[in-house]
Amino acid sequence: MTGSRVLALGHYQPAKVLTNDDLAAMVDTSDEWIRSRVGIRTRHVARSDETVDEMAAAAAAKALAHSGLAPTGIDMVLVATSTAIDRSPNMAARVAARLGLTCPVAMDINVVCAGFTHALATADHAIRAGSATAALVVGADKFTEAADWTDRSTCVLLGDGAGAAVVTAAEEPGIGPVVWGSVPEMGNAVRIEGTPPRFAQEGQSVYRWATTQLPPIAREVCARAGIEPADLAGVVLHQANLRIIEPVARKLGAVNAVIARDVVDSGNTSAASVPLALSKLVERGEIPSGSPVLLFGFGGNLSYGGQVIRCP
């Protein structure tokens, strides 16, 4: 085998939906204010007793069922999250236990909103190196638990959920080379700090960085995969803000691609946002199987990571 591919996807969102009108009753905001600034209409909110690993396992179970593989065939579990409260057992080990997996590598990866694309690259590298054969890669965050519900500039953004992919060895690579990095000197622009942890960000700094610095990096991802942006069938950027997603996609030049806009219905779900949005697009049949899709995560630590995959 010379590469790996995404074999199947799955996602999970909590049942409770919080609308903009609901938020307007909690903080000084309005549906018009939220839509005009970030494009969000609704977001899903986990129950107080609903944990990150519970959501991650629900998404992973769906991906595993769609893959047709037995749990015994999975030898690696990677969970990207920045909102796990407990340190040990980590989320990956808890997901493995919930799904009845035996002896997998089990690691959590905290790169905040870029976590899933980093975890996907890690699984791809492990499979290429021969140290794994099939991996569950999950992005899951309970972002609302870190919300400051008195801060209208941030609490309107956040939602909860999980998305997962089953990644297996393949004769022909279905996951392109990753382009990843960070801007450490600007790391404080996005923060989840304190006890209890609270989310905060410098919104204008993040907006300027994302809309000016990320398009050329996204084009580099395409170049590394040997594809022109105009040939992409789909673009799934981190679902942070519709006012970031649309200009980045436009500057990229993906004129024929379906652009994921799940942020409108789900809000910013951090590490879950890329696989959650991709899973929904595939479930609805909006991207043909085998077609090229750009995945690109960015955010916390001012980290970024992306790759072009072949749609399962």
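The preceding data block contains the structure.
Residues numbered from 1 in each chain as written. Predicted model: local features only at pLDDT ≥ 70, side-chain atom pairs only at ≥ 80, totals over all residues. Heavy atoms only, no water.

**Description of the nonpolar core**
- In this structure, Leu-232, Val-235, Phe-296 and Phe-298 are the most contacted members of the largest nonpolar core, which totals 50 residues.
- Secondary structure elements with two or more residues in this core: helix H2 (31–38), helix H7 (203–225), strand S11 (234–237), helix H8 (242–252), helix H9 (263–266), strand S13 (292–299) and strand S14 (303–310).
- Counting residues per element, this core draws most heavily on H7, at eight residues.
- Among the nonpolar cores identified, the runner-up in size contains 33 residues, and Ala-80, Ile-109, Val-167 and Leu-278 belong to it. (Core = buried A, V, L, I, M, F, W, Y, C linked by side-chain atoms within 4.5 Å. Buried < 20%, exposed > 50% of the residue type's maximum accessible area, 1.4 Å probe, protein only. Helix = DSSP H or I, 4+ residues; strand = E, 2+ residues; numbered from the N terminus.)

**Some thoughts on the sheet that holds strand S7 (residues 160–170)**
- Here we have five strands laid out as an open sheet, ordered S1-S7-S6-S4-S5, and mixed in their pairing. If you trace the sheet from one side to the other, it starts and ends with strand S1 (3–12) and strand S5 (105–109), each paired once. Averaged over neighbouring strand pairs, the angle between their axes works out to 20° when direction is ignored.
- Looking at chain direction, strand S4 (residues 76–80) and strand S6 (residues 134–142) are connected through five bridges and run parallel. Counted as the bridge partner of Ala-80 is Gly-139 from S6.
- The strands that helix H3 (residues 52–67) touches are S1, S6 and S7; relative to S1, the one it contacts most, it runs at about 125°.
- Each of S1, S4, S5, S6 and S7 touches helix H5 (residues 115–129); the most contacted strand, S4, lies at about 160° to it. (Pairing = 2+ DSSP bridges. Axes fitted to C-alpha atoms, helices over the stretch in contact; angles between N-to-C directions. Contact = heavy atoms within 4.5 Å.)

**Regarding H3**
- For H3, built from 16 residues, the straight-helix expectation of 22 Å at 1.5 Å per residue is met to within 8% by its first-to-last C-alpha distance of 23 Å.
- Within H3, the full set of buried residues consists of Val-52, Asp-53, Met-55, Ala-56, Ala-57, Ala-59, Ala-60, Ala-63, Leu-64 and Ser-67.
- Elements that come into contact with the buried residues of H3 comprise S1, helix H4 (91–99), S6 and S7.
- The positive-phi residue at the C-terminal boundary of H3 is Gly-68, with phi of around 80°. (Expected span 1.5 Å × (residues − 1).)

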